[in-house]
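# An overview of the molecular structure
Below are the chains, spelled out letter by letter.
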Amino acid sequence: MTITSLVPLPVLLPLLGSGAALMLFRYPKAQRLVSVVVLAAVVVVAAVLLVVVDREGPQVVWLGGWNELGVALVADRLAALMLLVSAIVTLAVLLYSLGQGISDSNRSAPVSIYHPTFLTLVAGVSNAFLAGDLFNLFVSFEILLFASYVLLTLGGTGGRIRAGTIYVVVNALSSMLFLITIAAIYAAVGTLNLAQIAVRLDDLPDSTQLMLHLLLLVTFSIKAAVFPLSLWLPDSYPTAPAPVTAVFAGLLTKVGVYAIIRTETLLFPGGELRTLLMVFAMASMLIGILGAIAQSDMKRLLSFTLVSHIGYMIFGIGLASGAGMAGAVFYVAHHITIQTALFLVVGLIERQAGSTALLRLGGLARLFPLLGVLFFVAGMNLAGIPPLSGFIGKVGLLEAGIADGGAMAWTLVVAGTVTSLLTLYAVAKSWSLAFWRSPQEAHAMAEELAVADGVQTAGSPTVGRRGQVRLDTTSYDAGEVREAGAIVDGDRPDRDLHQRLEDDGMPTRLPVLMTAPAAALVAVSVGITVVAGPLYAYTERASLDLMDRGRYTTAVDEAAR
Amino acid sequence: MEVNLTLVLVAGALVGCGAYLLLERSLTRVLVGLVLLSNGVNIALLSTGGRAGDAPFYGSTAVDDMSDPLPQAMILTAIVITLATLAFLLAMAHRSWQLTGHDDVQDDTEDARIRRLAVDDATSDSYGLTADGQDDDDPRQEGS
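So, on to the overall build of chain B. Counting secondary structure elements, chain B contains 5 helices and 0 strands. Secondary structure of chain B in N-to-C order comes out as α-α-α-α-α. Across the 144 residues of chain B, 36% fall into the buried class. When contacts within chain B are restricted to residue pairs at least 6 apart in sequence, those whose partners lie at least 24 apart make up 51%. For chain B, the exposed surface amounts to about 8000 Å²; the carbon and sulfur share of it is 61%.

Taken as a whole, this structure holds 22 aromatic pairs over all chains when the rule is applied. In this structure an aromatic cluster arises from ring pairing among Phe 146, Tyr 149, Tyr 167, Trp 232, Tyr 237 and Phe 248 of chain A together with Phe 88 of chain B. One Lys or Arg, Lys 223 of chain A, reaches over the ring of Phe 141 of chain A and ends 4.8 Å from the middle of that ring. Sitting above the plane of the Tyr 312 of chain A ring, Lys 394 of chain A keeps its charged end 5.2 Å from the centroid.

Residues and elements named next belong to chain A. Every second residue of strand 2 (residues 72–75) is oriented toward a common face, with Ala 72 and Val 74 on one face and Leu 73 and Ala 75 on the other, all of them buried. As paired elements, strand 1 (residues 59–62) and strand 2 share 4 bridges and run antiparallel to each other. The residue bridging Gln 59 from the neighbouring strand is Ala 75, located in strand 2.

Below, the discussion takes up helix 1 (residues 5–22) of chain B. Its 18 residues place the ends of helix 1 of chain B 26 Å apart at the C-alpha level, agreeing with the 26 Å of an ideal helix rising 1.5 Å per residue. Taken together, the buried positions of helix 1 of chain B are Ala 11, Gly 18, Leu 21 and Leu 22 of chain B. The arc enclosing the buried residues of helix 1 of chain B, seen along the axis, measures out at 100°, which places them on a common side. For helix 1 of chain B, the exposed residues lying more than 90 degrees away from the buried face are Leu 5, Thr 6, Leu 9 and Tyr 20 of chain B. Contacts from the buried residues of helix 1 of chain B go to helix 6 (158–189) of chain A together with helix 2 (27–47) of chain B. Sitting at the head of helix 1 of chain B, Asn 4 of chain B places a side-chain oxygen 3.0 Å from the backbone nitrogen of Thr 6 of chain B.

Note that soluble globular proteins tend to have their nonpolar side chains buried in a common cluster. Residue and element names in this part refer to chain A. Residues Leu 134, Phe 248, Phe 315 and Phe 375 are the most contacted members of the largest nonpolar core, which totals 200 residues. Once residues within four sequence positions are removed from consideration, Phe 375 is found in contact with Met 298, Leu 342, Val 345, Val 346, Ile 349, Val 427, Ser 430, Trp 431 and Phe 435. Within the second largest apolar cluster, 6 residues are counted, among which are Ile 289, Leu 301, Phe 304 and Ala 426.

Residue and element names in this part refer to chain A. Omega for the bond connecting Pro 386 with Pro 387 falls within 30 degrees of zero, at 5°, which places this linkage in the cis form. Along the chain, the position of Pro 387 falls in the loop between helix 15 (369–383) and helix 16 (389–404). You will see that Ala 225, though not glycine, has its phi angle at about 60°, which is positive. Assignment of secondary structure puts Ala 225 in the loop between helix 8 (206–224) and helix 9 (232–236). Ala 225 sits in the buried class, given a relative accessible area of 1%. Even without glycine at this site, Ala 320 takes up a positive phi of about 55°. Within the fold, Ala 320 resides in the loop between helix 12 (298–319) and helix 13 (322–353). Ala 320 sits in the partly exposed class, given a relative accessible area of 26%.

The next thing to look at is a nonpolar patch on the surface. Residues and elements named next belong to chain A. A surface patch of nonpolar side chains, about 350 Å² in accessible area, is lined by Leu 210, Leu 214, Leu 276, Val 279 and Phe 280. Counting residues per element, the ones that place at least two in the nonpolar patch are helix 8 and helix 11 (274–294). Broken down by element, the residue count for the nonpolar patch peaks at 3 residues, all from helix 11. Among the secondary structure elements, Leu 214 is positioned in helix 8. On the accessibility criterion, Leu 214 (33% relative accessible area) is partly exposed.

All right, on to the pattern of salt bridges then. Residue and element names in this part refer to chain A. Applying the stated criterion across every chain, the model contains 10 salt bridges over all chains. The salt bridge partner of Arg 77 is Asp 545, with a shortest N-O separation of 3.2 Å. Taken together, the residues span a long stretch of sequence, with Arg 77 in helix 3 (residues 77–103) and Asp 545 in helix 22 (residues 532–547) at a distance of 468 residues. Linking Asp 545 and Arg 551 is a salt bridge whose minimum nitrogen-to-oxygen distance equals 2.8 Å. Look at Arg 551 and you get partly exposed, because its relative accessible area is 38%.

Another aspect to go through is the confidence of the model for chain B. A low pLDDT score tells you not to read the predicted coordinates there in detail. Residues and elements named next belong to chain B. Mean pLDDT over chain B stands at 79; residues scoring 70 or higher make up 78%. In this model, residues 130–144 is a region of pLDDT below 50 whose contacts with residues beyond four sequence positions or in other chains number 25 contacts. Scoring the predicted complex yields pTM 0.87 and, for the interface, ipTM 0.82.

Residue and element names in this part refer to chain A. Of note, Gln 209 is situated in helix 8. Here the side chain of Gln 209 touches Leu 201 through a polar contact of 3.0 Å, landing on its backbone oxygen. At 3.4 Å, the side chain of Gln 209 and the backbone oxygen of Leu 204 are in polar contact. Apart from residues no more than four positions distant in its own chain, Gln 209 is found in contact with Leu 201, Asp 202, Leu 204 and Phe 268.

Turning our attention to the packing of helix 7 (residues 194–201) of chain A against helix 23 (residues 549–560) of chain A. Residue and element names in this part refer to chain A. Between helix 7 and helix 23, the least distance of the axes is 9 Å, while the angle of their chain directions is 125°. Here helix 23 runs oblique to helix 7, going by the angle between their axes. As helix 7 packs across helix 23, the resulting crossing turns out to be left-handed. Contacts between helix 7 and helix 23 pair Leu 194, Ala 195, Ala 198 and Val 199 from the former with Arg 549, Tyr 552, Thr 553 and Val 556 from the latter. Among the residues making up the contact of helix 7 with helix 23, the classes are represented as 6 nonpolar, 1 polar and 1 charged.

The rules we used
- Residues numbered from 1 in each chain as written.
- Chains lettered and ligands numbered in written order.
- Predicted model: local features only at pLDDT ≥ 70, side-chain atom pairs only at ≥ 80, totals over all residues.
- Heavy atoms only, no water.
- Helix = DSSP H or I, 4+ residues; strand = E, 2+ residues; numbered from the N terminus.
- Buried < 20%, exposed > 50% of the residue type's maximum accessible area, 1.4 Å probe, protein only.
- Contact = heavy atoms within 4.5 Å.
- Areas by Shrake-Rupley, 256 points an atom, 1.4 Å probe, with all protein chains shown as cover.
- Phe/Tyr/Trp six-rings, centres within 6.5 Å; stacked < 30°, edge-to-face > 60°.
- Lys NZ or Arg CZ within 6 Å of the ring centre and 35° of its normal.
- Pairing = 2+ DSSP bridges.
- Expected span 1.5 Å × (residues − 1).
- Arc of directions from axis to C-beta.
- Polar contact = N/O pair within 3.5 Å; in protein donor to acceptor, adjacent residues only side chain to side chain.
- Core = buried A, V, L, I, M, F, W, Y, C linked by side-chain atoms within 4.5 Å.
- Patch = residues over 30% accessible without salt bridge, like charges linked within 9 Å, V, L, I, M, F, W, Y side chains within 5 Å.
- Salt bridge = Lys/Arg side-chain N within 4 Å of Asp/Glu carboxyl O.
- pLDDT = per-residue confidence, 0-100.
- Axes fitted to C-alpha atoms, helices over the stretch in contact; angles between N-to-C directions.
- Parallel < 35°, antiparallel > 145°, perpendicular 65-115°, else oblique.
- Left-handed = near helix turned anticlockwise from the far one by under 90°.
- Nonpolar A, V, L, I, M, F, W, Y, C, P; charged D, E, K, R; others polar.

Next up, the structure:
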């Protein structure tokens with residue numbers, strides 16, 4: 001038993017735990033215990049791996065003793081950091097969903113399925129970070145995708161089926177594309193082991209290399225939601241249960257970003273497509289954040305900021321310099337925690353106030369001051385206000401861009417700053433609408449909207465028979481008015497805050513079991529600021545590893561002997 | 001490496017037809033499209049193994065006469081995964097039919113709403129909601 005035996009554990013433990021949880025479906029308490037223990041163990045294993053890898057270099061395991069022909073799991077500095085961050089985040093989300101299950105008496109969701117699926121998702125994510133083989137990466141994508149299909153359509157309500165359809169079809173398509181890429185790479189170099197591909201790719205003609213490079217980038221960009229390939233994301237994420245959206249938003253896109261980092265550093269170093277990457281990074285940033293500003297629902301707004309901030313990471317990767325890569329890795333670690341934390345806080349808002357639509361919210365600051373603090377800190381962190389970790393990540397990336405000095409890099413520095421400011425605007429808008437105006441004002445505004453525009457609010461002619469929405473650009477905004485009308489109409493069950501307050505129908509206390517994990521995650525994201533020095537030094541070492549791909553290939557090679 | 005032209009052509013045709021069907025609105029057709037697409041991709045994978053040879057059992061034939069077993073193993077994995085995806089999609093199509101009476105992929109109503117909102121922004125009162133909802137300093141007077 002050597003220290004390398006730890007490497008497969010982040011995959012094995014959740015998979016075994018998932019099986020155990022499935023068998024224990026009749027005993028919810030035992031099921032919860034299994035999930036929590038397993039994920040806590042993964043956090044410990046990941047932390048140990050991080051220390052070991054940092055001291056002794058990449059740890060490699062060839063599974064099944066099929067040296068050189070088999071499947072390798074590789075934990076280098078980047079993979080170990082990703083593992084640790086994802087383990088912490090998934091544990092927090094699991095505790096949050098436990099709290100939600102315990103506090104909400106309604107048991108309509110099939111909880112017995114939730115835990116095994118969640119653990120499978122964690123196994124898939126861990127496997128993707130550790131995969132040293134392209135086909136293994138494909139399989140881990142499929143593991144996590146399958147778990148995500150189930151989690152996204154949990155309960156099978158109309159909205160979730162609609163969102164799930166888009167999500168499943170897009171991801172099935174990207175899986176097919178990945179398989180085509182794998183076929184092309186296997187045909188070209190005769191191996192799928194990343195380290196071996198890296199060595200053999202150099203012998204290929206430039207045009208073939210370029211084609212393989214583009215194929216891989218397109219495949220992973222769909223997963224990572226880089227702008228033109230990101231349109232599926234805001235459509236599919238917001239309808240899922242809050243903890244599911246949180247873990248998807250935090251982790252799944254970052255798995256795509258991780259795969260892009262691997263491709264760009266290990267297989268195609270030198271930044272051949274850097275201009276292309278930077279153009280799409282800029283498009284993601286700006287178009288994503290402009291989309292976020294237009295939204296009137298907090299979950300959708302956050303989904304758009306997610307797309308926008310993926311742009312920062314792609315920017316760092318596109319710089320193809322050590323500093324850029326270090327900034328990107330730090331930003332990934334920061335963004336996983338902050339995006340998940342924000343979605344958890346918004347989930348709490350939804351549970352307490354009954355909605356995430358900004359039209360319906362108001363006065364939350366007085367009702368739930370703690371919620372206000374959590375949302376404010378997390379929102380400012382996302383926007384990058386000093387001294388929070390988002391600021392450090394952005395400064396790292398912008399410095400790397402300035403050091404690069406090229407025209408494209410400078411353009412992106414400007415775009416990054418603008419995006420940061422616009423993020424601040426988007427977050428501040430929802431902060432002031434949801435927390436600071438009184439519920440009465442919100443109600444009055446909705447009333448005004450309904451009266452001013454709504455002469456003909458009856459019926460719902462907007463959704464056609466075959467599901468297409470007819471876009472009548474000349475008329476008023478029927479949906480918004482209908483919504484406002486619904487708020488004014490006192491008989492509706494989904495009342496806004498003002499009406500609920502009048503009926504005393506508001507839960508006045510925050511559920512501790514849900515608030516604590518959300519608060520803990522916000523604290524972790526703030527804590528990243530405290531440990532920013534060592535952490536940034538670590539990501540710089542990780543990026544040195546990445547820029548010198550010889551370390552990775554030699555480690556894999558030596559382990560095979 | 002020798003490449004079998006028939007396999008490549010068949011793979012191309014299947015992928016083409018699959019891509020066309022994916023563009024349909026009905027989920028059942030999308031499903032058939034995915035079936036064709038995945039078969040095409042699997043055939044493409046098969047063609048990467050080079051010339052067909054003897055069964056790759058160690059010791060039964062010379063190594064040079066064997067087929068490459070790796071693409072076949074990958075195809076098997078891919079088939080299993082596709083099967084599961086298709087079963088899931090079929091279940092979703094059925095559920096969608098249960099809920100709405102058809103299995104068409106539906107547009108996002110929220111999206112359409114936001115677009116309408118943008119068109120109306122300049123004239124309607126909703127402008128105040130999206131652009132400057134925070135410029136009021138009324139004393140807060142909500143009760144509980």
